[in-house]
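# Breakdown of the fold
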Amino acid sequence: MSKKEIIFLLAVLLIGAALFIGMNIYKKNQIVSTEEVLVTSDGKEYLKVPLSHYGIYRIIYKGGYNILSIDSSGVSVKEADCPGLDCVKVGTIHSSGESIVCLPHKLVITIL
Amino acid sequence: MKEQEKKRITFKSWILYGMLLSVAIVFGYVEAVVSPTIIIPGIKIGLPNIVTLLLLFTEKRIWPAFTVGLLRTIIISALFGNLAMFMYSAGGFVISFCGMLLFYKLLHLRMLFVSIAGGILHNTTQLCIAVLVLSSKALFVELPVLFAAGVIAGGLTGIVGIILSKNFKTLYIRFNE
């Protein structure tokens with residue numbers, strides 16, 4: 001392994017470690033959580049409700065839909081008509097900073 | 001010298017590129033079938049990049065690797081994806097290709113490391129595109145995971161590329177005789 005390659009591997013390791021540590025710091029700074037769910041569709045705010053507002057929310061985007069559910073276990077997308085259903089596979093999120101994304105519908109659901 | 005170089009762009013070369021493009025597309029199909037079942041949605045293994053690596057490391061010219069890579073991105077997105085997927089794939093490919101070019105031609109790293117660099121760049125670029133398109137900086141929390149996935153995927157495809165490269169060189173020489 002040449003010197004350049006060793007430097008490359010070390011750099012990758014360092015950047016990776018820095019990213020993970022940075023993410024942990026970011027999460028720890030999230031002490032002040034407004035406990036709200038923010039839904040952005042196509043970059044614009046679509047819906048913003050407190051985490052306590054349990055219920056089913058239907059989000060429509062250009063003929064497609066995602067069904068958002070907020071309950072005691074957290075926030076999840078129960079059903080959608082996007083190909084791949086990545087948003088449903090993510091499951092339930094419950095902590096501040098976590099998010100569910102549906103790329104084909106340009107949908108981002110975040111817990112603030 | 002230019003006379004010799006012109007002779008090298010033979011009809012046979014085109015056949016080889018066509019075959020490699022088909023191989024890359026089949027890799028893309030395999031990914032489209034296998035990937036949705038992997039734990040984290042949106043994570044792919046990057047198998048078509050193996051073709052890009054092989055072309056990059058055996059050809060003296062740069063354009064075959066780039067053109068085959070760009071075409072496979074377009075065709076895979078058209079056949080097994082949608083316009084949104086193309087946006088992410090194309091952007092990811094272009095940036096990761098430029099990076100791999102840099103790491104190989106300028107820094108002279110071997111295939112495994114070039115592949116790792118390509119994987120990291122591809123995933124990171126896709127995340128940046130997603131942040132831009134969805135106007136949501138919150139997505140950057142996925143960066144550590146995508147970075148690691150890029151390293152692993154790049155490592156795996158790099159290893160496969162190394163295994164294939166010896167036989168591929170033989171094939172390439174035979175084609176250009």
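Up top you'll find the structure we're talking about.
Nothing here was measured: the structure is a model prediction, and the numbers come from that model. (Residues numbered from 1 in each chain as written. Chains lettered and ligands numbered in written order. Predicted model: local features only at pLDDT ≥ 70, side-chain atom pairs only at ≥ 80, totals over all residues. Heavy atoms only, no water.)

### So, the overall build of chain B
To keep things clear, this is the line we draw: Numbering of helices and strands starts at the N terminus; helices are DSSP runs of H or I of at least 4 residues and strands are runs of E of at least 2. The globule rule is 2.2 Å times the number of residues to the power 0.38, and the radius of gyration it is compared with is taken over C-alpha atoms. For every residue, the accessible area obtained with a 1.4 Å probe (protein chains only) is divided by the maximum for its type, and the residue is called buried under 20%, exposed over 50%, and partly exposed between those limits. In what follows, a contact means two residues having at least one pair of non-hydrogen atoms within 4.5 Å. In short, Shrake-Rupley with a 1.4 Å probe defines the accessible areas, and a residue's cover is counted only from the protein chains shown. The sign given to each residue is positive for Lys and Arg and negative for Asp and Glu; His and the chain ends receive no count. Note that the charge is assigned to NZ on lysines, CZ on arginines, CG on aspartates and CD on glutamates.
Along chain B, the regular secondary structure elements total 7 helices and 0 strands. The order of helices and strands in chain B, counted from the N terminus, is α-α-α-α-α-α-α. On C-alpha atoms alone, chain B measures out to a radius of gyration of 16 Å, which is about the 16 Å that the 2.2 N^0.38 rule sets for 177 residues. Along the first, second and third principal axes, the C-alpha atoms of chain B reach 55 × 35 × 30 Å. In chain B, which comprises 177 residues, the proportion classed as buried is 46%. Long-range contacts, defined as pairs at least 24 residues apart, comprise 73% of the intrachain contacts of chain B with a sequence gap of at least 6. Accessible surface for chain B amounts to roughly 9,200 Å². Of this, 74% is attributable to carbon and sulfur atoms. When the 15 basic and 6 acidic side-chain charges of chain B are each reduced to a single mean position, those positions are 3 Å apart.

### Overview of helix 1 (residues 3–28) of chain A
Defined as follows: In this scheme, a helix's expected span is set at 1.5 Å multiplied by one less than its residue total.
Taking 1.5 Å as the rise per residue, helix 1 of chain A with 26 residues should run 38 Å; its terminal C-alpha atoms sit 37 Å apart, in good agreement. Each element contacted by the buried residues of helix 1 of chain A is listed here: helix 5 (83–106), helix 6 (111–134) and helix 7 (143–175) of chain B.

### Some details on the pairing of strand 2 (residues 44–50) of chain A
Here is the rule: Strand pairing requires that DSSP identify at least two bridges connecting the strands.
Sheet analysis places strand 1 (residues 36–41) of chain A next to strand 2 of chain A, joined by 6 bridges and oriented antiparallel. In the strand pairing of strand 2 of chain A, Val39(A) is matched with Leu47(A).

### Quick notes on unusual backbone geometry
Notably, Lys106(A) is not glycine yet its phi reads approximately 50°, a positive angle. Mapped onto the fold, Lys106(A) is located in the loop between strand 7 (99–102) and strand 8 (107–111). Note on Lys106(A): relative accessible area 25%, which makes it partly exposed. Positive phi is not limited to glycine here, since Ser135(B) has a value of about 50°.

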